[in-house]
Amino acid sequence: METVEVAGLRIRYRLAGQGPPLVLLHGAYEDSRIWRRQLEDLSADFTVFAWDAPGCGGSDDPPPDFTGQDLGDALAGFLREAVPGRPHVLGLSMGSGIALELYRAHPSVPASLLLVSAYAGSLPPEEVERRYAQVLAELDQPAEQFIPVWLPTLFREHADPAAVQETSAIMADFHPGGMRALLNANAHADYRDVLPTIAVPTLLLYGTDDVRSPQSVAREMNRRIPGSTLVMIPDVGHMAAVEAPAAFNAAVRRFLHGLSAR
């Protein structure tokens, strides 16, 4: 893994391939290992950067008072230090919120946005509070107690058991302090005001069977982001990049190659 320092935080990341830069932002309880299938495949066409967000994987934990703006600024600093040129930025779930935080303060940085299994404040307030309370309680529990509760919301029941087990093992390596800081920074974030301002090409990529980011959220995101492209992967849940990597990678490649052909 590679390392850069941003605002006093050591940020670790994985790097593979050559071509236009594509930056991958993982979701909650995860780190850059979740992108193994994309690092292996998409690196044939792109220089793929997969960071460990502050508080995750090999990166340093941010301070407890870390804010959403701090998170967006950390990503901007990471891109400035590690990534040459103007990158395509792909965020999964929580990572999509970080991508939107980046765009809010640094709209000239990304060449495009690819928002996967995303929500931007469009979930009902009671669901936001339920998820916040759930994670807050989990941070004081052993991983083996609560991760099995997450998995049915991330994958469909007939997903490849090896992929589910791999994801479970990655999630079990979470940093309690790091996750607490990230939770406080972005659990209540609302990016609905950002969506109509997005002026870069944007792909919205969802699984049709995603129970965490349902189709109603996907359609609302598509409606709010001008000119955005919505792609639904059939019979796939929240972790589309892991559950259906061939279809996921093909959709990403098709979108980005379409941009270069313009």
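Residues numbered from 1 in each chain as written. Predicted model: local features only at pLDDT ≥ 70, side-chain atom pairs only at ≥ 80, totals over all residues. Heavy atoms only, no water.

1. A few points about unusual backbone geometry
Trans is the prevailing form of peptide bonds, just as negative phi is the prevailing case for residues other than glycine.
Phase 1: Despite not being glycine, Ala7 has its phi angle at roughly 50°, a positive value.
Phase 2: Structurally, the position occupied by Ala7 is in the loop between strand 1 (2-6) and strand 2 (9-16).
Phase 3: Look at Ala7 and you get exposed, because its relative accessible area is 80%.
Phase 4: If you check the backbone angles, Tyr29 has positive phi at about 65° while not being a glycine.
Phase 5: For Tyr29, the position within the fold is in the loop between strand 3 (21-25) and helix 1 (36-41).
Phase 6: Overall, the relative accessible area of 2% leaves Tyr29 in the buried class. (Helix = DSSP H or I, 4+ residues; strand = E, 2+ residues; numbered from the N terminus. Buried < 20%, exposed > 50% of the residue type's maximum accessible area, 1.4 Å probe, protein only.)

2. Some details on the pattern of salt bridges
Phase 1: Summed over the entire model, instances satisfying the criterion amount to 18 salt bridges.
Phase 2: Salt-bridge contacts for Arg253 lead to Asp41; the nearest nitrogen and oxygen are separated by 3.4 Å. Highlighted residues: Arg253 in helix 10 (residues 245-260) and Asp41 in helix 1, separated in sequence by 212 residues.
Phase 3: A relative accessible area of 17% places Arg253 in the buried class.
Phase 4: With its nearest N and O atoms 2.9 Å apart, the salt bridge here joins Arg223 to Glu220. Within this pair, Arg223 and its partner Glu220 are both found in helix 8 (residues 215-224), separated by three residues, close to a single helical turn.
Phase 5: Under the relative-accessibility criterion, Glu220 is labelled partly exposed at 22%.
Phase 6: When salt bridges that share partners are traced, they join Arg36, Arg37, Glu40 and Glu166 into one network. (Salt bridge = Lys/Arg side-chain N within 4 Å of Asp/Glu carboxyl O.)

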